[in-house]
Amino acid sequence: KFSVNIHRGCFGGCSFCTISAHQGKFIASRSEQSILNEVDKVAKMEGFKGYLSDIGGPSANMYKMQGRDLKKCEACKRPSCIYPSICNNLNTDHGSLLTLYKAIRKREGVKKAFVGSGVRYDLSLHGNDEYITELLKHHVSGRLKVAPEHASDHVLKIMRKPSFELFKRFSTTFNEINKRYNLNQQLIPYFISSHPGSREEDMANLAIQTKNMNFRLEQVQDFTPTPMTLATEVYYSGYHPY
């Protein structure tokens, strides 16, 4: 009720996700003024106590991101702009998002504007320590959601997700910023069980690795076959087309 959607679409291309199929691979971002107008309307709603529950989208930190040369994007056949590596043509600057966050914090009636949507930590680590710091200092309600999805790299490859080592690096950065600013934020990682390619030993490995990182898992979703996704094709056919 008290959330504001700032963009739609996702260029993540995860093999189990339909967002790029039904919202598009290209990010459609609202103008800053349009978002601020809605924030002002929400602030006047009955029952609003000054706390925006989410300033986000499918992935909260893709606002206004696109290719530097859009002609290259039009000809590109990659299902993901950020897997297996972040495309050289993709502008991953979080500047517009940081400007938006600061503008929202200044709106009358807004005490806190939280990011309740998931954050792509691989994007936030791409030279954007400023974004992570700003996010943790001002926009986390106590828990930040991220989705490493698995710990075994061969499963992550089928998922089109980055190596678990990158999540470990983000977790370290998260803890360092927490300590530096005396914050008491908690990192909440999401995982998928029973994904195509995931064996019992991979789930055991996931349990061990997350326990070693002092996580008590709350968010584990069993794989759900979803139309229009690569993972469902693999699940149904038993065959990986690539």
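As the structure is a computational prediction, the values presented were derived from the model and not from experiment.

Q: Could you give an account of the side chain of Ser198, with specific residues and numbers?
A: Along the chain, the position of Ser198 falls in the loop between β8 (186–193) and α9 (200–212). If we skip the residues at most four places from it in the chain, Ser198 touches His150, Val155 and Met203.

Q: Please give an account of the pairing of strand β7 (residues 143–149) that cites residues and values.
A: Counting buried positions over the seven residues of β7 gives five, a clear majority of the element. Two strands pair when backbone bridges link them, and β7 and β8 are joined in this way by five bridges, in the parallel orientation. Bridge assignment links Glu149 to a residue of β8, and that residue is Phe191.

Q: Can you break down the pattern of salt bridges residue by residue, with the values?
A: By the definition in use, this model includes seven salt bridges. Between Arg107 and Asp40 there is a salt bridge; the shortest N-O distance is 2.8 Å. Highlighted residues: Arg107 in the loop between α4 (95–105) and β6 (112–113) and Asp40 in helix α2 (residues 32–43), separated in sequence by 67 residues. Taking relative accessible area as the criterion, Arg107 reaches 26% and is therefore assigned partly exposed. Of the charged contacts, one joins Glu201 and Arg199 as a salt bridge, the two residues approaching to 3.7 Å between their closest N and O atoms. Owing to a relative accessible area of 48%, Glu201 belongs among the partly exposed residues under this scheme. Judged by its relative accessible area of 42%, Arg199 falls in the partly exposed class. Three or more residues joined by partner-sharing salt bridges are found here, namely Arg199, Glu201 and Asp202.

Q: Any details on the environment of Leu135? Residues and values, ideally.
A: Within the fold, Leu135 resides in helix α6 (residues 129–138). Through-space distance from the C-alpha of Leu135 to that of Phe114 is 8.7 Å; in sequence the pair is 21 residues apart. Aside from chain neighbours lying at most four places away, what touches Leu135 is Tyr101, Val115, Val119, Val140 and Leu144.

Q: Please provide a residue-by-residue account of the nonpolar core, values included.
A: Within the largest apolar cluster, 50 residues are counted, with the highest numbers of intra-cluster contacts made by Leu52, Ile104 and Leu144. Looking at this core, the elements that each hand over two or more residues are α2, α4, α6, β7, α7 (153–159), α8 (164–180) and β8. Ignoring sequence-local partners within four residues, the contact set of Leu52 consists of Phe2, Val4, Val39, Val42, Ile104, Val110, Lys112, Ala113 and Phe114.

Q: Account for the sheet that holds β8, naming residues and giving values.
A: Hydrogen bonding along the main chain pairs the strands of a sheet, whether they run parallel or antiparallel. Spatial strand order, β7-β8-β9: three strands in an open sheet with parallel pairing. Among the strands making up the open sheet, the edge pair consists of β7 and β9 (219–222). Strand after strand, the sheet turns through a mean of 20° between neighbouring axes, direction not considered. The strands that α8 touches are β7 and β8; relative to β8, the one it contacts most, it runs at about 165°.

Q: Which residues make up the packing of aromatic side chains, and what values do they have?
A: All chains considered together, the criterion is met by ten aromatic pairs. Residues Phe2 and Phe48 carry aromatic rings whose centres are separated by 5.4 Å and whose planes lie at 70° to one another, so their mutual orientation is edge-to-face. Taken together, the residues Phe2 in the segment before β1 (3–5) and Phe48 in the loop between α2 and β4 (51–52) connect sequence positions 46 residues apart. By relative accessible area, which is 18% here, Phe2 ends up buried. Classification of Phe48 by relative accessible area gives buried; the value is 14%. These aromatic residues form a ring-pair network of at least three members: Tyr121, Phe164, Phe167, Phe170, Phe174, Phe191 and Phe215.

Quick notes on the rules
- Residues numbered from 1 in each chain as written.
- Predicted model: local features only at pLDDT ≥ 70, side-chain atom pairs only at ≥ 80, totals over all residues.
- Heavy atoms only, no water.
- Helix = DSSP H or I, 4+ residues; strand = E, 2+ residues; numbered from the N terminus.
- Contact = heavy atoms within 4.5 Å.
- Buried < 20%, exposed > 50% of the residue type's maximum accessible area, 1.4 Å probe, protein only.
- Pairing = 2+ DSSP bridges.
- Salt bridge = Lys/Arg side-chain N within 4 Å of Asp/Glu carboxyl O.
- Core = buried A, V, L, I, M, F, W, Y, C linked by side-chain atoms within 4.5 Å.
- Axes fitted to C-alpha atoms, helices over the stretch in contact; angles between N-to-C directions.
- Phe/Tyr/Trp six-rings, centres within 6.5 Å; stacked < 30°, edge-to-face > 60°.

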